[in-house]
Amino acid sequence: KAGVTQTPRYLIKTRGQQVTLSCSPISGHRSVSWYQQTPGQGLQFLFEYFSETQRNKGNFPGRFSGRQFSNSRSEMNVSTLELGDSALYLCASSHGTGDQPQHFGDGTRLSIL
Amino acid sequence: QKEVEQNSGPLSVPEGAIASLNCTYSDRGSQSFFWYRQYSGKSPELIMFIYSNGDKEDGRFTAQLNKASQYVSLLIRDSQPSDSATYLCAVNLGTGNQFYFGTGTSLTVIP
């Protein structure tokens, strides 16, 4: 069974640009969550999508947005990039029932110059 | 406020010893509890999960849950240098599927 696939693995952008990250969940998983991870900050929850609807949202500015498609694939978009957005962005999928674990992709490492 | 707290460490144990990692959580409504291992530069990988009070064993790993005291722990028996990583504790309220992660405990197993 294929795992969670995130693309691209690495991105280099400059301030002010925007970026779109993609996540394909494990087959059968309907929930996709996005996290930002920076050194010393741990995993910061961005949002969760379930059946194409945003079900939970963390405390990030509106520059961070996402969506989910009918096949459960999800994209995350960050607009007007700032230096502080440099981080590892992780996607995790699960069945979405709350009692099943999330499984993480390898992440997209975003660097802002 | 929903919080998950872990001792950031670093925790160092000699090879072959038992490593004990602890996690406390604030929301008594938490239903599901998960332990992840994260190697430097890699993404978190699931070790095990527990729902009921008591112990759950999987190979060298044992998860312990005490809902009355609101803590969950992970024991690693016969620790190996390959166990050196950051261990993340996560809880889920069981509704809405939002996971709350601790900041992780760094474990070093000394050969």
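Preceding block: the structure.
Residues numbered from 1 in each chain as written. Chains lettered and ligands numbered in written order. Predicted model: local features only at pLDDT ≥ 70, side-chain atom pairs only at ≥ 80, totals over all residues. Heavy atoms only, no water.

Caption draft 1: Representation of the overall build of chain B within the structure. The helix and strand inventory of chain B stands at zero helices and eleven strands. Secondary structure elements of chain B occur, N-terminal to C-terminal, as β-β-β-β-β-β-β-β-β-β-β. For chain B, whose C-alpha radius of gyration is 13 Å, the value lies close to the compact-globule estimate of 13 Å for 111 residues. Based on the C-alpha atoms only, the size of chain B along its principal axes is roughly 40 × 30 × 20 Å. By residue count, 45% of the 111 residues in chain B fall in the buried class. Carbon and sulfur atoms make up 47% of the accessible area of chain B, which amounts to about 5100 Å² in all. (Helix = DSSP H or I, 4+ residues; strand = E, 2+ residues; numbered from the N terminus. Rg over C-alpha atoms; globule rule 2.2 N^0.38 Å. Buried < 20%, exposed > 50% of the residue type's maximum accessible area, 1.4 Å probe, protein only. Areas by Shrake-Rupley, 256 points an atom, 1.4 Å probe, with all protein chains shown as cover.)

Caption draft 2: Focus on the sheet that holds strand 6 (residues 54–58) of chain B. Residue and element names in this part refer to chain B. Strand order across the open sheet formed by five strands is 1-3-8-7-6, with antiparallel pairing between neighbours. The strands lining the two open edges of the sheet, one partner per strand, are strand 1 (4–6) and strand 6. Between one strand and the next, the sheet's axes are offset by a mean angle of 20 degrees, whatever the strand orientation. Relative to strand 3 (residues 19–25), strand 1 runs antiparallel, the two sharing three bridges. Residue pairing for strand 3: V4 is matched across the bridge by Y25. (Pairing = 2+ DSSP bridges. Axes fitted to C-alpha atoms, helices over the stretch in contact; angles between N-to-C directions.)

Caption draft 3: Layout of the nonpolar core. The biggest cluster of nonpolar side chains holds 25 residues, and the ones touching the most others in it are B:W35, B:V72, B:L74, B:I76 and B:Y87. When contributions to this core are tallied by element, the ones reaching two or more residues are strand 3, strand 4 (32–38), strand 5 (45–50), strand 7 (61–66), strand 8 (71–76), strand 9 (85–92) and strand 11 (105–110) of chain B. With 21 residues, the next largest nonpolar core counts A:V4, A:Y49, A:V78 and A:Y89 among its residues. (Core = buried A, V, L, I, M, F, W, Y, C linked by side-chain atoms within 4.5 Å.)

Caption draft 4: A look at the sheet that holds strand 3 (residues 19–24) of chain A. Residue and element names in this part refer to chain A. Spatially, four strands are ordered 1-3-8-7 in an open sheet, and the strand pairing comes out antiparallel. Each having just a single partner strand, strand 1 (5–7) and strand 7 (64–68) make up the two edges of the open sheet. Across this sheet, the average inter-strand angle for adjacent strands is 15 degrees, counted without regard to direction. Pairing between strand 7 and strand 8 (residues 74–78): five bridges, direction antiparallel. Along strand 8, the bridge assignment pairs R67 with E75.

Caption draft 5: Quick look at the pairing of strand 7 of chain B. Residues and elements named next belong to chain B. Relative to strand 7, strand 6 runs antiparallel, the two sharing five bridges. Following the sheet pairing, E57 is matched in strand 7 by T62. In sequence, strand 6 turns back onto strand 7 through a hairpin of two residues, with G59 there showing a positive phi of about 65 degrees. Where strand 7 meets strand 8, six bridges bridge the pair, whose relative direction is antiparallel. Bridging across to strand 8, F61 finds its partner in I76. With antiparallel pairing between neighbouring strands as the criterion, strand 7 and strand 8 make up a hairpin whose turn holds four residues, including Q70 at a positive phi of roughly 60 degrees.

Caption draft 6: The arrangement of the packing of aromatic side chains in detail. By the definition in use, this model includes twelve aromatic pairs over all chains. Their ring planes at 50 degrees and their centres at 5.6 Å tell us that B:Y36 and B:F101 sit as a pair that is tilted. You can see B:Y36 sitting in strand 4 and its partner B:F101 sitting in strand 10 (residues 99–101), a full 65 residues away along the chain. Exposure remark for B:Y36: the relative accessible area of 0% places this residue in the buried category. An aromatic cluster is built from A:Y35, A:F45, A:F104, B:Y36 and B:F101, whose rings are joined through pairwise contacts. Above the plane of the ring of A:F50 lies A:R55, whose end atom (NZ or CZ) is 4.2 Å from the centre. (Phe/Tyr/Trp six-rings, centres within 6.5 Å; stacked < 30°, edge-to-face > 60°. Lys NZ or Arg CZ within 6 Å of the ring centre and 35° of its normal.)

Caption draft 7: A look at the interface of chain A and chain B. If you look at the interface, chain A gives 23 residues, while chain B gives 19 residues. With both sides pooled, the region where chain A packs onto chain B buries about 1600 Å², and carbon together with sulfur makes up 52% of that total. At the junction of chain A and chain B, the tally comes to zero salt bridges. The tally of links from chain A across to chain B stands at four residue pairs in polar contact (both at pLDDT 80 or more). Those elements that provide at least two residues to the side of chain A that touches chain B are strand 4 (31–38), strand 5 (42–50), strand 6 (53–57), strand 9 (87–94) and strand 10 (103–104) of chain A. Per-class residue counts for the side of chain A that touches chain B are seven nonpolar, eleven polar and five charged. (Contact = heavy atoms within 4.5 Å. Buried area = accessible area lost by both parts, 1.4 Å probe. Salt bridge = Lys/Arg side-chain N within 4 Å of Asp/Glu carboxyl O. Polar contact = N/O pair within 3.5 Å; in protein donor to acceptor, adjacent residues only side chain to side chain. Nonpolar A, V, L, I, M, F, W, Y, C, P; charged D, E, K, R; others polar.)

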